[in-house]
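Given next are the chains, with one letter for each unit.
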2 protein chains.
Amino acid sequence: MDKQAITIYDVAREAKVSMATVSRVVNGNTNVRSETKQRVEEVISRLGYRPNAVARGLASRKTTTIGVIIPDVTDVYFSELARGIDDVAQMYKYQIILANSDESNSKTVEVFESLLGKQVDGILFMGNMFDDNIRAKFESSNVPVVFAGSVDATSTEASVNIDYVTAVEEVTAKLVKNKHKKVAFVSGPIEHSINQDYKLVGYKRALDAAGIEFDESLVITADYDYQSGYQLGSIVLGAKATAAVVVDDEMAAGLLNALTDAGVSVPDDFEIVTTNNSHLTVITRPQLSSITQPIYDLGAVAMRMLTKLMNDEELPIKTMILPHGYVKRGTTK
Amino acid sequence: MDKQAITIYDVAREAKVSMATVSRVVNGNTNVRSETKQRVEEVISRLGYRPNAVARGLASRKTTTIGVIIPDVTDVYFSELARGIDDVAQMYKYQIILANSDESNSKTVEVFESLLGKQVDGILFMGNMFDDNIRAKFESSNVPVVFAGSVDATSTEASVNIDYVTAVEEVTAKLVKNKHKKVAFVSGPIEHSINQDYKLVGYKRALDAAGIEFDESLVITADYDYQSGYQLGSIVLGAKATAAVVVDDEMAAGLLNALTDAGVSVPDDFEIVTTNNSHLTVITRPQLSSITQPIYDLGAVAMRMLTKLMNDEELPIKTMILPHGYVKRGTTK
DNA sequence: CTGTTAGCGCCTTCAG
DNA sequence: CTGAAGGCGCTAACAG
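For every chain, the first residue of the written sequence is number 1, and numbering continues from 1 onward in sequence order. Chain letters and ligand numbers both follow the written order, the letters beginning at A and the numbers at 1. Where local features are concerned, this predicted model is filtered to residues with pLDDT of at least 70; where side-chain atom pairs are given and counted, the filter is 80 or more; whole-chain, interface and lining totals use all residues. With hydrogens and water stripped out, all remaining heavy atoms of the structure feed into the side-chain values.

Chemist: How should the overall build of chain A be read in this particular structure?
Modeler: From N to C terminus, chain A includes 13 helices and twelve strands. Both definitions apply: the radius of gyration is a C-alpha atom measure, and the globule rule equals 2.2 Å times residues to the power 0.38. In terms of overall size, chain A is more extended than a compact globule, its C-alpha atoms giving a radius of gyration of 25 Å where 333 residues would be expected to give roughly 20 Å. Over its C-alpha atoms, taken along the principal directions, chain A stretches across nearly 85 × 40 × 35 Å. When the 333 residues of chain A are sorted by exposure, 56% land in the buried category. Between two residues, a contact is recorded if the distance between any of their heavy atoms is within 4.5 Å. Put simply, 70% of the contacts in chain A that link residues at least 6 apart link residues at least 24 apart. Entry remark: accessible area of chain A is about 13,900 Å², with carbon and sulfur atoms responsible for 51%. The average position of the 34 basic charges and that of the 43 acidic charges among the side chains of chain A differ by 8 Å. Under the scheme used here, helices are H or I runs from DSSP no shorter than 4 residues and strands are E runs no shorter than 2 residues, and both carry numbers assigned from the N terminus. Only protein chains enter the calculation, and the probe is 1.4 Å; a residue is then buried if its accessible area is under 20% of its type maximum, exposed if over 50%, and partly exposed in between. Note on areas: Shrake-Rupley, 1.4 Å probe, and residue coverage restricted to the protein chains presented here. When charges are counted, Lys and Arg contribute as positive and Asp and Glu as negative, whereas His and the chain ends are disregarded. Every charge is mapped to an atom, namely NZ of Lys, CZ of Arg, CG of Asp or CD of Glu.

Chemist: In this structure, what is going on with the sheet that holds strand E12 (residues 325-327) of chain A? I would like to understand it.
Modeler: Picture the strands of a sheet paired through backbone hydrogen bonds; they go either parallel or antiparallel. Residues and elements named next belong to chain A. Spatial ordering of the open sheet is given by E7-E6-E8-E9-E10-E12, a layout of six strands whose pairing is mixed. The sheet is open, and its two borders are formed by strand E7 (219-221) and E12, each paired with just one other strand. Strand-to-strand, the axes of this sheet are offset by a mean angle of 20 degrees, without reference to chain direction. Here, strands pair whenever DSSP counts at least two bridges between them. The pairing of strand E6 (residues 183-187) with E7 spans three bridges and is classified as parallel. Among the inter-strand pairings, Val186 is bridged to a residue of E7, identified as Ile220. Helix axes are fitted only over the stretch in contact, all axes being lines through C-alpha atoms; the angle between N-to-C directions runs from 0 to 180 degrees. With respect to the sheet, helix H9 (residues 193-209) is in contact with E6 and E7, its orientation differing from that of E6 by roughly 165 degrees.

Chemist: Would you mind showing me how to read the interface of chain B and chain A here?
Modeler: As a measure of interface size, the accessible area lost when the parts come together is often cited. Between chain B and chain A, the contact holds 59 residues from the first and 59 residues from the second. As a working definition, buried area equals the accessible area (1.4 Å probe) given up by two parts on being put together, with both sides summed. The junction of chain B with chain A conceals about 5,200 Å² of combined surface from both sides, 48% of it contributed by carbon and sulfur atoms. Put simply, a salt bridge is a Lys or Arg side-chain nitrogen that is within 4 Å of an Asp or Glu carboxyl oxygen. Between chain B and chain A we count eight salt bridges in total. Put simply, Asp102 of chain A and Arg83 of chain B hold a salt bridge, and the shortest N to O gap is 2.1 Å. Nitrogen and oxygen atoms within 3.5 Å of one another constitute a polar contact, given that in protein one can donate a hydrogen and the other can accept it, and given that sequence-neighbouring residues count only through two side-chain atoms. Across the chain B-chain A interface, the total number found is 34 residue pairs in polar contact (both at pLDDT 80 or more). Among the elements of the structure, helix H4 (53-60), helix H5 (76-91), strand E2 (95-100), helix H6 (105-117), helix H10 (226-238), helix H11 (249-261) and helix H12 (280-283) of chain B are those that each provide at least two residues to the side of chain B that touches chain A. The element that contributes the greatest number of residues to the side of chain B that touches chain A is H5 of chain B, accounting for seven residues. Asp, Glu, Lys and Arg are counted as charged, while Ala, Val, Leu, Ile, Met, Phe, Trp, Tyr, Cys and Pro are counted as nonpolar; the rest, among them Gly, fall into the polar class. Class assignment of the residues belonging to the side of chain B that touches chain A gives a composition of 23 nonpolar, 18 polar and 18 charged. Pairing of strand E2 (residues 95-100) of chain A with E2 of chain B involves three bridges; the strand directions are antiparallel. Looking at E2 of chain B, one finds that Ile97 of chain A is bridged to Ile97 of chain B.

Chemist: What is the right way to look at the sheet that holds strand E5 (residues 158-162) of chain A in this model?
Modeler: Across the sheet, which stays open at both edges, the twelve strands sit in the order E11(A)-E5(A)-E4(A)-E3(A)-E1(A)-E2(A)-E2(B)-E1(B)-E3(B)-E4(B)-E5(B)-E11(B) with mixed pairing between neighbours. Only two strands of the sheet have a single neighbouring strand rather than two, namely strand E11 (319-322) of chain A together with strand E11 (319-322) of chain B. Geometrically, the sheet is characterised by an average inter-axis angle of 20 degrees between neighbouring strands, direction not taken into account. For strand E1 (residues 65-70) of chain A and strand E3 (residues 122-125) of chain A, the ladder comprises four bridges, and the chain directions are parallel. Residue pairing across strands places Val68 of chain A opposite Leu124 of chain A, the latter belonging to E3 of chain A.

Chemist: What's the story with the packing of aromatic side chains in this structure? I'm lost.
Modeler: How two aromatic rings sit relative to each other is set out by the distance from centre to centre and by the angle between their planes. Residues and elements named next belong to chain A. Planes of paired rings set the category: under 30 degrees apart is stacked, over 60 is edge-to-face and the rest tilted, where pairs are Phe, Tyr or Trp rings (Trp by its six-membered ring) whose centres lie within 6.5 Å. Following the criterion strictly, the structure yields 22 aromatic pairs over all chains and no others. Ring plane angle 35 degrees and centroid distance 5.2 Å describe the contact between Phe185 and Tyr203, whose orientation is recorded as tilted. With a gap of 18 residues between them, Phe185 in strand E6 and Tyr203 in helix H9 connect regions that are remote in the sequence. Pair check on accessibility: Phe185 and Tyr203 agree, each one buried. Through a chain of ring-to-ring contacts, the aromatic side chains of Phe112, Phe125, Phe130, Phe138 and Phe147 assemble into a single cluster. In our convention, an over-ring charge means Lys NZ or Arg CZ found within 6 Å of a ring centre and within 35 degrees of that ring's normal. The cationic tip of Lys204 hangs over the ring face of Phe214; the distance from NZ or CZ to the ring centre is 4.6 Å.

Here it is in C-alpha cells:
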C-alpha cells in the first residue's frame, strides 16, 4: 500500500523511452520530439503518474517548498499576511510549510532548524522578537530569508514593510492637532523592535514637533489582544490621557469598549486611532479610525522577493516600503 | 553554497564508525553501544550535523509532513482550527504544509494532488465543499484523510465535529420559546453540506417541535463575511423575521450592526444567536449570544486522530463528536 | 533528440 | 553491536 504506485520507470517502459526522456517532458524540457512527447504524456495520464517531489528534491536539491514562520495564525494581522504569501507562492508553484512561533525565541529556533532540515528553498519570517542567537542563525544559514510585515532594527535581511515611524507620527500629529496634550501610546511588548524602534519613535517625533514633552507614564503596554486592551481602559484613564494611538486592532477594540462601558464618550471625550485597519475596525461601534496598510500586499510582495532570491536574482532594493494611509472613522473627530 | 554542508558520511568518518551506526543513533535505535553512541553524538553536535529530511523521506517513505487544506487562513474559525492542528502536529514532530482552497473544487483538487506529490503522510481537510470527484480522489488515495470541523454527509472519511444538528436545534428552540414565530436561518452557501444537511436540519426540527411551519423565505443565504451579513439586514427585516440564527460570527456581527443602524433594537425588537463564539462575539455591542464549540480542540483532536491513522492504528470511533454549549450574551433575552 | 550512468543523503536488510 | 551494500525516485551531465 505505497503512497506511490507508479514511478518514472513504469512510464518509461510503457512509452518505450528512457526515464530521462520522461523526466524531460515532465520538466518541460523542449529537447523532445513532439511526437514522443505526446506519447509520453499519454502514458502519464493513462497511468496517472505523479512525480515524487521528495525524490526530485533530493536529486535536484530544490524542494519548491518554503518555510513560513508566523507568531500565531490566529492573529488577523498575520493571517492576512500569510494569505498574501500563500497566493503568490501557489502562483509560483511553491508549497508552504507553516510554523507558529508564539514569538518565543526558543520555539523560533526550533522551527527554523526543522525547516532547514526539510531543505526549504527559502524562509519567510513574521514576528518581532529575536535575540542575537536567532539573528546569527538566520544570517549564517544558506537559505534566503525575508521579513514580511516585521522589522528588526539591527537585521540585514530583506524585508517588506510600511514606514511605521511616519505612519504613527502622522496619526499622533492628528491627535495633537485636535488639542490633546496627553496622548497615550498603547503598545504591545515594548521589547518588540517594531514598537520600540519604530512606532514609539514616530509617536515621540510628533510630540516633539508639537513641543509636547514626552511622558513615560503615557506609554502603556500589554499583550496584543482584546482582553488586554479592555483592561487597559482604567489605566489609560488613570494616566489622564484624552486620546490614544493603539498599535493593534484587538487592543484598540478592547480599549474602546472599556471606555464606552466606563461612560467615556468616544470620540467626544476620548479619541482613538488604531493601526492595522482590519475588519474589526468596522465592527466596533463607533468604528475605529485607523492607519491603513496593504497587509495582504506586504505578504505577497515579500513572497515575490523571496522567489527572486531563491532564483539567485539580485534585489534592487532590500528593504521594501509600501505606502500607508489613514482612514477616519468614528473614534476621531 | 549548499543548503547542507555536512552529511552523515562526514559524521561517520569523523567518529570512525560506519554511516549505518550514525543513522542508528540519529534514529534512536538502541542497538548501539553507549560508548560509541556518545562519540557519535559528540561529533554530530561538533559538526552541527542536521539530518536531511528529504533524503530520509525518500529512503524511509515517510516525510513526517502532513497536508492541511483550509478554505482561508484569514477566517477566524478555520485559523483557530489550524492552530489546534499545528500545536499537536509540532508535539508529534510533524510539519504542516498549508494550502488555501477558497472552497473551490478545482483548487481543492489541485492542492490535494500537489500534497500527494509531496508525499505527505496524511491530510487534514477543512471545508464544506466537495463534489464526487474530490470525494473519489480522497477515498482512492492511499494517505489517511481526516476532516476537522467540517462535514460531508456522504463521505466515509474520519472526522471531528460537534453535533451541529442538535446545537442549532437547541438555539432555535430557545428563540421559538421566546415567542418568535418567524425565526430567520441566516446561512452561508446552502450547497455546503454543513448548512444544508446539518444546521438547517436542526433549525427545521426545532420548528417542527414547536408546530411552526417551515417557511422557505426565512432561509437567507450569503457569503461568510461581515459585509454580506450587513447587507442581509434589510432582507431579514423584509421577511418579517423577529429573530435569527446565524451560522457565522462575521455575518452575525454584520447583521447586528445593520439592524442597529436601521433603528431596530437588539435584543428587544430582534434576537440573534450566532454559532462560533469567536472573539468577535464579545467585541460587538450588544455582545453576541452564541453556540459554543471547542474549535481549537476540534483541530487538536483531528490531528491526534491523524497521527493514529498514520501509525496504522485502528480508530475506535471514526466520527468524533465533541461537546458544544451555549452562552447567553446581549443579543438574546 | 534520446539513452546511459552517476549520484542526491539516508534507511534498512543482511551478514558477521 | 557494527559494517557493507542495495536501493528510494528522480535529475543532470555526458555521450551519441
